[in-house]
Amino acid sequence: QVQLVESGGGLVQPGGSLRLSCVASERMFGFYVMAWYRQGLGKQRESVAHMTSEGTTSYADAVKGRFTISRDNAKNTVYLQMNRLKPEDTAVYYCNVVRVGASYWGQGTQVTVSA
């Protein structure tokens, strides 16, 4: 069982930045996808950013050019750098990792973008 712990959420003004972190309890070499999702109040969970084990990244259209997913294998950590934040980015952000036969989720971290 992989444990994922997210951090870095908080309250930020529109146009500001935050960096989310997701620390895994195991080395990430066995994960073939690492991703961030978000769920706004009353909305369905949606994909934000994905990274494959080879380093290929993909982003939702709503965040393309503003968000960047990255990882530090030595720290077993996946990051989501969020710039030029908008009120519509307000949501609980979840880390997800996938390996053969299993998918794991963190507990989520709240991001609120408001003046």
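Up top is the structure.
If you're wondering where the values come from, they're calculated on a predicted model, not measured in any experiment. (Residues numbered from 1 in each chain as written. Predicted model: local features only at pLDDT ≥ 70, side-chain atom pairs only at ≥ 80, totals over all residues. Heavy atoms only, no water.)

(A) The environment of F67, seen in detail. If you trace the backbone, F67 turns up in strand β7 (residues 67–72). For F67 and Q81, which are 14 residues apart along the polypeptide, the C-alpha to C-alpha distance reads 5.5 Å. Ignoring anything within four residues of it in the chain, the contact list for F67 reads R38, V48, Y59, L80, Q81, M82, N83, L85, D89 and Y93. (Helix = DSSP H or I, 4+ residues; strand = E, 2+ residues; numbered from the N terminus. Contact = heavy atoms within 4.5 Å.)

(B) Spatial organisation of the sheet that holds β7. An order of β1-β3-β8-β7 is seen for the four strands of this open sheet, with the pairing classed as antiparallel. Looking at which strands have only one partner, the edges of the open sheet turn out to be β1 (4–7) and β7. Strand-to-strand twist across the sheet, computed as the mean angle between neighbouring axes with direction ignored, equals 15°. Here six bridges tie β7 to strand β8 (residues 77–82), and the two strands are oriented antiparallel to one another. Each residue of the ladder has a partner; that of S70, found in β8, is Y79. (Pairing = 2+ DSSP bridges. Axes fitted to C-alpha atoms, helices over the stretch in contact; angles between N-to-C directions.)

(C) Geometry of unusual backbone geometry. Of note, N76 is a non-glycine position whose phi angle comes to about 50°, a positive value. On the secondary structure map, N76 appears in the loop between β7 and β8. The class of N76 is buried, set by a relative accessible area of 16%. (Buried < 20%, exposed > 50% of the residue type's maximum accessible area, 1.4 Å probe, protein only.)

(D) Expanded view of the nonpolar core. Within the largest apolar cluster, 28 residues are counted, with the highest numbers of intra-cluster contacts made by L4, W36, V48, F67, L80, M82 and Y93. When contributions to this core are tallied by element, the ones reaching two or more residues are β3 (18–24), β4 (33–39), β5 (46–52), β7, β8, β9 (91–99) and β11 (109–113). Once you skip the residues sitting within four places of it in the chain, Y93 turns out to touch E6, L20, W36, Y37, R38, V48, F67, L80, M82, G108, T109 and V111. (Core = buried A, V, L, I, M, F, W, Y, C linked by side-chain atoms within 4.5 Å.)

(E) Structural context of the pairing of β11. Because side chains alternate across β11, one face comprises the buried residues T109, V111 and V113, and the other comprises Q110 and T112, none of which is buried. In the sheet, strand β2 (residues 10–12) pairs with β11 via three bridges, with the strands oriented parallel. Across the sheet, residue L11 finds its bridge partner in β11, namely T112. Of the strand pairs in this sheet, β9 and β11 are connected by three bridges, and their pairing is antiparallel. Along β11, the bridge assignment pairs V92 with Q110.

The values reported here are purely geometric and, on their own, carry no functional implication.
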